[in-house]
Amino acid sequence: MNRSALITGITGQDGAYLAQLLLDKGYEVFGFVARRSSDTRWRLRELGIDSHVKFIYGDLVDESSIMRALKASRATELYNLAAQSFVATSWDQPVLTAEVDALGVLKCLEAIRELDTGVRFYQASTSEMFGLVRNQQQDESTVFHPRSPYGVAKLYGYWITVNYRESFGLHASNGILFNHESPLRGLEFVTRKVTDAVARIKLGKQTELRLGNIDARRDWGFAGDYVEAMWLMLQQDKSDDYVVATGETNTVRDMCRIAFEHVGLNLEDHLVIDSKLFRPAEVDILHGNPAKAKACLGWQPKTGLPDLVRMMVDADIRRVKSEG
Ligand code: NAP
Ligand code: GDD
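Everything quoted here is computed from the prediction, not taken from an experiment.

Some points on the domain arrangement of the protein
The assigned domain composition of the protein is domain 1 (4-180 + 222-244) and domain 2 (186-219 + 249-286 + 303-315). Computed from C-alpha atoms alone, the centre-to-centre distance between domain 1 and domain 2 is 27 Å. The interface of domain 1 with domain 2 comprises 19 residues on the first partner and 16 residues on the second. When domain 1 packs against domain 2, close to 1,600 Å² is buried across both sides, 58% of that on carbon and sulfur atoms. We note a salt bridge from R218 to E128, for which the minimum N-O separation is 3.9 Å. Remark: the boundary between domain 1 and domain 2 carries 2 residue pairs in polar contact (both at pLDDT 80 or more). Looking at the side of domain 1 that touches domain 2, the elements with two or more residues in it are α2 (42-46) and α8 (223-234).

In structure tokens:
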């Protein structure tokens, strides 16, 4: 059977790994890409798949472009990964964040509803929706209390996906993914900021690393493992919502230590705490319980934090060396 998928956010971390996974499975992969003034396809090139993806220009704020992309691709699966995904930026650009991360989801669902061709829909929901969590591990029944304009916008995306499933019978699933990282992570996120800095310090190109709240705890997994869960959700007869996490939680400080120790450096010799990098409201702890994804999807995380961090540091050392 010929299978085709349309991926919004294909130039991002998850989009690149998902495109690779689907190409390996024999899908025809279409990438919905926003027009930018400079090149955004470096991740697809790093994975060697740039020339295998068919690109369609569009933007999540423009519903007509989503409709056109669905028609042109004849996709049977739509993965909505596009977002303004950096939490800190969402306080500076809250309206844009809502336009893309909240209304953009509605626009995808409306296009699917209008076309009525049975396209299956994946929504990139997030553990940021849990926000101010109490002490237990978070699962699909945990109460939401988002702490940022990003989390609030994503919560709308989550509920409108549930609502269109319940109202119109769409095959629409939410993956509630906890933080996941990789060598393709953007430099603004803390793990990559750290591994890039470690590489530069080791190679004598930088001396300090400035961070904000290093006591925050996150449940960090590997993006390459997590895109498999996205695909599995759309292969189920019934759509549903799933937490995807490792079940382990660590502080930013723990993560930093692994990175520095990997290259024989001492974190305390280089770390500077910068109050400007603290957020107006913080998510202190995320700790997921992926039992449902394990039981219903047969999904398992394969990569623990130490291996993930070492993989990222090694990739950054190679990159920094190649800069000359
Ligand atoms: P990312 O690397 O920041 O990628 C975001 C993607 O969205 C990029 O391809 C970007 O395109 C695209 N995009 C942004 N605004 C757009 C618009 N208006 N129209 C079309 N495309 C637009 O994010 P990621 O880490 O891969 O995450 C993928 C999704 O999962 C996001 O929705 C994120 O919120 C969600 N999520 C991520 C995590 C995580 O830990 N990574 C956890 C839970 C949920 P450009 O390249 O042109 O900017
Ligand atoms: N980015 C960043 N930079 N974060 C820092 C820094 C710093 O210099 N110093 C401390 N942190 C702390 C943040 O305050 C936060 O508590 C934690 O490190 C993780 O920050 P990010 O890596 O920026 O990720 P995030 O948890 O805010 O959001 C990511 O995960 C969400 C899922 O829980 C993003 O990928 C979101 O798109 C995703 O939804």
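Describing helix α11 (residues 305-323)
Helix length check: α11 (19 residues) gives 27 Å between terminal C-alpha atoms against 27 Å at 1.5 Å per residue, within 8%. Along α11, the positions that sit buried rather than exposed are L305, L308, V309, M312, V313, A315, D316, I317, R319 and V320. Those residues of α11 hidden inside the fold are in contact with α2, β7 (180-181), α7 (190-202), β10 (221-222), β12 (250-251) and α9 (252-262). Positioned one or two residues after α11, G324 has a phi angle of 90 degrees, which is positive.

Things to note about the site of ligand 1
Taken together, 25 residues surround ligand 1, and among them T11, D59, S85, Y150 and K154 come closest. Contact distances for ligand 1 include 2.8 Å between an oxygen atom and a side-chain N or O atom of K154. Here an oxygen atom of ligand 1 sits 2.9 Å away from a polar atom, N or O, in the main chain of H180. The set of elements that each furnish at least two residues to the shell around ligand 1 consists of α1 (13-24), β5 (120-126) and α6 (149-168). Per-element tally for the shell around ligand 1: the top contributor is β5, with 3 residues. Of the residues belonging to the shell around ligand 1, the class tally is 10 nonpolar, 10 polar and 5 charged.

What counts, and where the lines are drawn
- Residues numbered from 1 in each chain as written.
- Chains lettered and ligands numbered in written order.
- Predicted model: local features only at pLDDT ≥ 70, side-chain atom pairs only at ≥ 80, totals over all residues.
- Heavy atoms only, no water.
- Domains from an automatic or database assignment.
- Contact = heavy atoms within 4.5 Å.
- Buried area = accessible area lost by both parts, 1.4 Å probe.
- Salt bridge = Lys/Arg side-chain N within 4 Å of Asp/Glu carboxyl O.
- Polar contact = N/O pair within 3.5 Å; in protein donor to acceptor, adjacent residues only side chain to side chain.
- Helix = DSSP H or I, 4+ residues; strand = E, 2+ residues; numbered from the N terminus.
- Expected span 1.5 Å × (residues − 1).
- Buried < 20%, exposed > 50% of the residue type's maximum accessible area, 1.4 Å probe, protein only.
- Near = heavy atom within 4 Å.
- Nonpolar A, V, L, I, M, F, W, Y, C, P; charged D, E, K, R; others polar.

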